[in-house]
Amino acid sequence: KIELARRLLKGKGVDKDETKGAAILEECAALGCAKAMFMLATCCIFGHGTERNLKRAKTLITDAAEKGLSDAKTLNRFIKEWDGRESVEMERLFF
């Protein structure tokens, strides 16, 4: 299901449908899938298929890190280091 969500979000091999892709990630994240949580956090940061919600993105990244996802652990460390600094935006963590 996660691969289908990725394809829907990017429009690779299927018609692009960010809303449907994010909905699939929501289902998988609700079942405890760390990778889906991380991907959904990205959607929340950039507003792809869901409302832009940085607070939720941070929670999802923390949850994915607690489940052991390596990328989420790394990103979570940066978030904790930069938490409260006005000059750092969540988007900048991805570039």
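Structure first, text after, so check above.
Residues numbered from 1 in each chain as written. Predicted model: local features only at pLDDT ≥ 70, side-chain atom pairs only at ≥ 80, totals over all residues. Heavy atoms only, no water.

> Pulling in residues and values, what's your account of the layout of surface pockets?
The space that makes up the largest pocket amounts to roughly 370 Å³. Surrounding the largest pocket, 15 residues form its lining, Arg-6, Leu-9, Lys-10, Met-39 and Thr-42 being those nearest its centre. At the level of secondary structure, the elements contributing two or more residues to the lining of the largest pocket comprise helix 1 (2-10), helix 2 (18-30) and helix 3 (34-46). Split by residue class, the lining of the largest pocket holds eight nonpolar, two polar and five charged. (1 Å grid on protein atoms, 1.4 Å probe; cavity = no way out; pocket = protein on both sides within 12 Å on 5 of 7 lines; lining within 4 Å. Points joined across faces, edges and corners; volume = space filled by probe spheres on them. Helix = DSSP H or I, 4+ residues; strand = E, 2+ residues; numbered from the N terminus. Nonpolar A, V, L, I, M, F, W, Y, C, P; charged D, E, K, R; others polar.)

> Go over helix 4 (residues 54-66), please, and point to the residues and values.
Working note: α-helix, 3.6 residues per turn, so residues spaced by three or four point in the same direction. With 13 residues, helix 4 ought to run about 18 Å at 1.5 Å a step, and its terminal C-alpha atoms sit 18 Å apart, in line with that. Among all positions of helix 4, only Ala-57, Leu-60, Ile-61, Ala-64 and Ala-65 are buried. Buried residues in helix 4, looked at end-on, bunch into an arc of 135°, giving them a common side. In helix 4, the exposed positions that point more than 90 degrees away from the buried face belong to Lys-55 and Glu-66. Between a side-chain oxygen at the N-terminus of helix 4 and the backbone nitrogen of Lys-55 the separation is 3.2 Å; the capping residue is Asn-53. (Expected span 1.5 Å × (residues − 1). Buried < 20%, exposed > 50% of the residue type's maximum accessible area, 1.4 Å probe, protein only. Arc of directions from axis to C-beta. Polar contact = N/O pair within 3.5 Å; in protein donor to acceptor, adjacent residues only side chain to side chain.)

> I'd like a description of the nonpolar core, backed by residues and values.
Among the nonpolar cores identified, the biggest contains 26 residues, and Leu-25 and Ile-61 are the most heavily contacted of them. Of all the secondary-structure elements, those providing two or more residues to this core are helix 1, helix 2, helix 3, helix 4 and helix 5 (70-82). Considering each element in turn, this core owes the most residues, ten residues, to helix 3. Excluding its chain neighbours within four sequence positions, the residues that come into contact with Leu-25 are Ala-5, Leu-9, Ala-36, Met-39, Leu-40 and Cys-43. (Core = buried A, V, L, I, M, F, W, Y, C linked by side-chain atoms within 4.5 Å. Contact = heavy atoms within 4.5 Å.)

> Which residues make up the pattern of salt bridges, and what values go with them?
Considering all chains together, one arrives at five salt bridges under this definition. Measuring nitrogen to oxygen at the nearest pair gives 2.9 Å for the salt bridge that ties Glu-27 to Lys-1. On the criterion of sequence distance, the pair formed by Glu-27 in helix 2 and Lys-1 in the segment before helix 1 is long-range, its members being 26 residues apart. Residue classification places Glu-27 among the partly exposed residues on the basis of a relative accessible area of 41%. The residue Glu-3 makes a salt bridge to Arg-7 at a minimum N-O spacing of 3.3 Å. In this pair, Glu-3 and Arg-7 are both assigned in helix 1, four residues apart and thus about one turn of the helix distant. For Arg-7, a relative accessible area of 35% puts it in the partly exposed group. The network of salt bridges with shared partners includes Glu-3, Arg-6 and Arg-7. (Salt bridge = Lys/Arg side-chain N within 4 Å of Asp/Glu carboxyl O.)

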